[in-house]
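Here's the letter readout for the chains.
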Amino acid sequence: MTDKTAPQTWTVDVQGYSLDLPIVPINPDFAISLMMVIDLGVKFGEHIGRCLAEQIAPLQPDIIVGPATLGIPVAIEVTRALGLDKYVVLQKSPKLHLSDALEYKLTSITSKGEQRLLLDQAAIPLIKGKRVVVVDDVVASGSSLKAALELVRQAGGEVVGAGVILTEAQEWRKTLGEDVNHLVSVAHIPQFAPDENGNWQPIAGT
């Protein structure tokens, strides 16, 4: 069996920036490699902001939108790299000022139970009639990103693209539908299943 004191990692090249991501079991037969972008420092943030901005710039976005929580630093760095100022955060917690917010319900592979994405009414003028790109850290099932795209559309924004640091496996392709054609990313990670010795190995096709 795998030595639990020495968890496995998966190395991914994020366009010249090497990361060793811990492999985290979701259940005994399935695991993912976990990237916590908020723990990777400002140099990594600057790097991924620049990498995504290079792909997003031709879309000529007016505003960048990122879902809480891990999409926030991505939105900040992409906005900075594009030379823009304002960005919009889609919240998940029902804060006092969000009592009348636009809402979209979703589920996520890394979070338990049903969640909500909330858009503050005060932020709608930043989105309505504008060219919008939604960014996030990772797309796996695609449900979180799809919810963000639909919430932008509810607010009257024109979705011209989406960007993530990592694509994970392939399930997101079906979830996003036609929006898959708008997605750009920096790197890809597989999902994992145990071999006969209990060691995590990439699942074929992911």
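Here's a quick rundown of the structure. These numbers come from a predicted model, not from an experiment.

1. Observations concerning the pattern of salt bridges
When the charged atoms of two side chains lie near each other, side chains of opposite charge can form a pair.
Right, on to step 1. Summed over all chains, the structure comprises seven salt bridges.
Right, on to step 2. The shortest N-O distance in the salt bridge between Glu77 and Arg80 comes to 3.2 Å. On the criterion of helical spacing, the pair formed by Glu77 and Arg80 is a turn pair, its members being three residues apart in helix α2 (residues 71–82).
Right, on to step 3. Residue Asp179 is joined to Lys146 by a salt bridge in which the shortest nitrogen-to-oxygen separation is 3.1 Å. Within this pair, whereas Asp179 is found in the loop between α5 (171–176) and β10 (183–189), its partner Lys146 is found in helix α4 (residues 143–154), the two being separated by 33 residues in sequence.
Right, on to step 4. Overlapping salt bridges, with partners in common, bring together Lys146, Glu150, Arg153 and Asp179 in one network.

2. Quick look at the nonpolar core
Right, on to step 1. Core analysis: the largest hydrophobic core is formed by 27 residues, its most contacted members being Val65, Leu119, Ile127, Val134, Leu145 and Leu183.
Right, on to step 2. Contributing elements (two or more residues each) for this core: β4 (63–67), β5 (87–90), β7 (111–119), α3 (124–127), β8 (131–139), α4, β9 (158–168) and α5.
Right, on to step 3. Examining the composition of this core, we find that six residues originate from one element, α4, more than from any other.
Right, on to step 4. Residues within four places of Leu145 in sequence aside, it is in contact with Val134, Val139, Ala162, Val164, Leu176 and Leu183.

Rules used in this analysis
Residues numbered from 1 in each chain as written. Predicted model: local features only at pLDDT ≥ 70, side-chain atom pairs only at ≥ 80, totals over all residues. Heavy atoms only, no water. Salt bridge = Lys/Arg side-chain N within 4 Å of Asp/Glu carboxyl O. Helix = DSSP H or I, 4+ residues; strand = E, 2+ residues; numbered from the N terminus. Core = buried A, V, L, I, M, F, W, Y, C linked by side-chain atoms within 4.5 Å. Buried < 20%, exposed > 50% of the residue type's maximum accessible area, 1.4 Å probe, protein only. Contact = heavy atoms within 4.5 Å.

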